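Below are the chains, spelled out letter by letter.
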Amino acid sequence: MIERQLQPLLHELVGVLFAPTSALGDATGQIRPTGVQGVFHADARVLSRAELRVDERELEGLTRGDDGPHGAHFVGLARWLGDPTPDPTVRVDRVRRATRNGLTEELRIVSTATIGVRATVTIDLGCDLAPIEVVKSGGATAPLEAKAGQPGVLTWAADGIAVTITAPDADVFATGERATAPRLAWPLDLPPGGATVLRWQVTVEDPRAVVVGPAGEPEWSRPEVTADDRRLIRLLDRSLNDLRGLRLAETDAPADVFLGAGVPWFLTLFGRDSLWAARMMLPLGTDLAAGTLRALARRQGTRIDPTTGEAPGKILHELRRHELALPGNGLRLPPAYYGTVDATMLWVNLLHDAWRWGMPAEQIEPLLPHLEAALRWLGDHADPDGDGLVEYIDTTGHGLSNQGWKDSGDAVRFHDGSLATAPIVLAEVQGYAHEAAVNGANLLDAFGRPGADRWREHAAGLVRRFRDSFWVDGRHGPQPALALDRDKRPVDSLTSNIGHLLGTGLLDRDEETQVAYLLTTDALAGGFGLRTMATDDAGFSPLSYHCGSIWTHDTAIVLGGLARAGHREAALGLTEGLLAAAEAFDYRMPELYGGDDRSLVNRPVPYPAACRPQAWAAAGAVLLLQAATGLYPDVPGGTVHLTPLAGAELGAITVNGLRVANTPVNVTVNRTGEATATGLPTPLTLTPTLPTQRRPTTQTLPH
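This report concerns the structure included in the present document. (Residues numbered from 1 in each chain as written. Predicted model: local features only at pLDDT ≥ 70, side-chain atom pairs only at ≥ 80, totals over all residues. Heavy atoms only, no water.)

## Describing the pattern of salt bridges
Working step 1: The tally for this structure, following the rule as stated, stands at 59 salt bridges.
Working step 2: The residue Arg53 makes a salt bridge to Glu51 at a minimum N-O spacing of 3.6 Å.
Working step 3: Among the ionic pairs, Glu106 bridges to Arg199, the shortest N-O distance being 3.4 Å. Taken as a pair, Glu106 in strand β9 (residues 102–111) and Arg199 in strand β17 (residues 195–205) lie far apart in primary sequence, 93 residues in all.
Working step 4: Ionic contacts of the salt-bridge type, sharing partners, join the residues Asp26, Arg32, Arg49, Glu51, Arg53, Glu56, Glu58, Asp124, Arg178 and Arg183 into one network. (Salt bridge = Lys/Arg side-chain N within 4 Å of Asp/Glu carboxyl O. Helix = DSSP H or I, 4+ residues; strand = E, 2+ residues; numbered from the N terminus.)

## Overview of the sheet that holds strand β34 (residues 639–642)
Sheet strands pair via backbone hydrogen bonds, and the direction of the pair is either parallel or antiparallel.
Working step 1: Spatial ordering of the open sheet is given by β33-β34-β38, a layout of 3 strands whose pairing is mixed. With one partner strand each, in any of the chains shown, β33 (631–634) and β38 (685–688) form the two edges of the open sheet. Between one strand and the next, the sheet's axes are offset by a mean angle of 15°, whatever the strand orientation.
Working step 2: Both β33 and β34 contribute to a ladder of 4 bridges, which runs antiparallel. Following the sheet pairing, Leu631 is matched in β34 by Leu642. (Pairing = 2+ DSSP bridges. Axes fitted to C-alpha atoms, helices over the stretch in contact; angles between N-to-C directions.)

## Re the environment of Ala325
Working step 1: Tracing the backbone shows Ala325 in strand β23 (residues 324–326).
Working step 2: Ala325 has contacts with Glu133, Leu331 and Arg332, leaving out every residue within four places of it along the chain. (Contact = heavy atoms within 4.5 Å.)

## Here we look at the pairing of strand β5 (residues 49–54)
Working step 1: Buried residues dominate β5, accounting for 6 of its 6 residues.
Working step 2: Along β5, one buried face is formed by Arg49, Glu51 and Arg53 and the opposite face, lined by Ala50, Leu52 and Val54, is buried too.
Working step 3: Of the strand pairs in this sheet, β5 and strand β10 (residues 117–126) are connected by 6 bridges, and their pairing is antiparallel. When the bridges of β10 are listed, Val54 appears paired with Val121. (Buried < 20%, exposed > 50% of the residue type's maximum accessible area, 1.4 Å probe, protein only.)

## Regarding the packing of helix α5 (residues 343–356) against helix α7 (residues 368–380)
Working step 1: In the contact formed by α5 and α7, the axes pass within 9 Å of each other and the chain directions differ by 140°. In terms of their interaxial angle, α5 and α7 are classed as oblique. As α5 runs across α7, the sense of the crossing is left-handed. Along its contact with α5, which presents Thr344, Met345, Trp347, Val348 and Leu351, the element α7 presents His370, Leu371, Ala374, Trp377 and Leu378.
Working step 2: Class assignment for the residues of the contact of α5 with α7 results in 8 nonpolar, 2 polar and no charged. (Parallel < 35°, antiparallel > 145°, perpendicular 65-115°, else oblique. Left-handed = near helix turned anticlockwise from the far one by under 90°. Nonpolar A, V, L, I, M, F, W, Y, C, P; charged D, E, K, R; others polar.)

## Notes on the packing of helix α12 (residues 552–564) against helix α14 (residues 615–629)
Working step 1: Viewed as axis vectors pointing N to C, α12 and α14 meet at an angle of 15°, and their least axial separation amounts to 8 Å. By the angle class used here, α12 and α14 are roughly parallel. In the crossing of α12 with α14, the sense of the turn from one axis to the other is left-handed. Each of Thr552, His553, Ala556, Ile557, Leu559 and Ala563 in α12 lies in contact with α14, whose residues at this interface are Trp616, Ala617, Gly620, Leu623, Leu624 and Ala627.
Working step 2: Residue composition of the contact of α12 with α14, by class: 9 nonpolar, 3 polar and no charged.

## Some details on the nonpolar core
Working step 1: Core analysis: the biggest nonpolar cluster contains 168 residues, and Trp347, Val412 and Ile653 have the highest contact counts within it.
Working step 2: The dominant element in this core, judged by the number of residues it contributes, is α14, at 12 residues.
Working step 3: Not counting chain neighbours up to four residues away, the residues in contact with Val412 comprise Tyr392, Asn402, Ser418, Leu419, Ala420, Ile424, Leu426, Leu482, Ala483 and Val491.
Working step 4: Within the second largest apolar cluster, 47 residues are counted, among which are Val14, Ala72, Cys127 and Trp186. (Core = buried A, V, L, I, M, F, W, Y, C linked by side-chain atoms within 4.5 Å.)

In structure tokens:
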């Protein structure tokens, strides 16, 4: 039998993060030389092993917890030491903290024994400097030889990266067989009731990294929240800690901060992920949006290059230090890769939404030429066949075959399970394009730039073409298709993509109501959130990456759209699913998880290779908070709307420290859904609205 080379599982691993450094180990604190365990810096594994033993024996793990936003605390027992009683008397607390350029550990050894304790504490280390794509593909890399220099110091160096271990009080063994498996050792001699602390750290010098950890505090506020449903408070607290750890900047522009997509596979600049995360974070301020917009504007496409997918005005998909080549599947992505169909429109929409939240004109004006270039891409390059719809195809044979947010190779399937053939016209992308055309026109008008009428006409044409091309008869009534294939046939599976159409202006009121109904069917909403594909489609699998799993950000985006459109009951159902999942995942939401029915398994099933933490999954907590408070500002228009989701079902909520036009704003919603806001900057006018329910029912729609 041929052995498969499989992507390693990481759902049970414990991570610490301070981008661009992250570390993954097992539940006892060990970092073992297997799978995806290790310490990573940017795109390289700088430590592949860190195994703690006492007298050559592993500790018995007791528990673990967080140690601040960047650390983890593991508690273990050495029951063979100390008093020979049923109660353990020698305990080891292992406290691991990520830093921007490495990692530190403290080993706190405490004895409550009535006799002295003598032992030897060791940590066995390894370094392979494996590229992240080799780790992701399940490949093996030989450990490198370490060099011992000054007392308590070990070093490795290769490919421009230098890794240094410092343990001032330890003996170092790094010769002979120990050259590739060096050891730190501390003799332990505790008196009765004694304690000691041992320390070691790893430091990385990586001048060729394309991303760095920015200085200073996060670019967003940290609101104070009280809520009847305390799960929301816990989710927000954990998510903001994770987002703090995901902050990144480019090496040559450290002031423009964005969020790295996720640990461990995507800890770099990702157009789509970084843009969506910044958009979700707008209720806490516009500075993150500004940094993200500028970082991507600097790399906006200027030429036609089929190899990289670059085109004039197009926004980047991802940035790496070198070509990303995944063994076995033929995928080879250049260091700066533009193979995304939606990031350009999402860039326009983030700029517009940041403007509405009060991003200053002096920050917007330098970005207006990039806005115009992005709109030109939409008009000149996004529609190669000229039918008025946005489409994609990978012409290289080694890029991403699917270039929407569901970018796995099997993501676009018909109801019968067959794969659609490119070029592909995705449903939600037409919504993003419509929204970008309207938003772009509004910005052009507001800042005295020409061309707005062209984009409003473009948007109107999209509405007509979408209505003519996408609506099909489904199992639950009329539905928008997932996509159109090469022959413009509707790909008739029922998917979560249609939820992204809410609020884009592409649908009329009756069409939005029908979409809301479809999103509440058990086939899509019967799990802990919104399934990516309905259970009655042939391609459905609860652990498929994009055909049946549940994605945190996807559910958050759709529930936000439902809440804003007045579909309260549908939004509350998805909210409860997310909060129940958050509780099961200890409030660190993964990138995705299984789409099993809630009646089958009473907790969400992990997707074993999901990033955790992940930027748009964590930022979804802020979008949920916004939906709960119902705060929707239009600073240029001088108004703020309050339409809260909180109230009788979700309970009361008070949030102090949201930000509108860089001003702290407080919102309170009582148990009847009445909302008040204080601190709004003048001359904004508040328009409070009691929560309403537009009850979705099946419609007979023209198509």
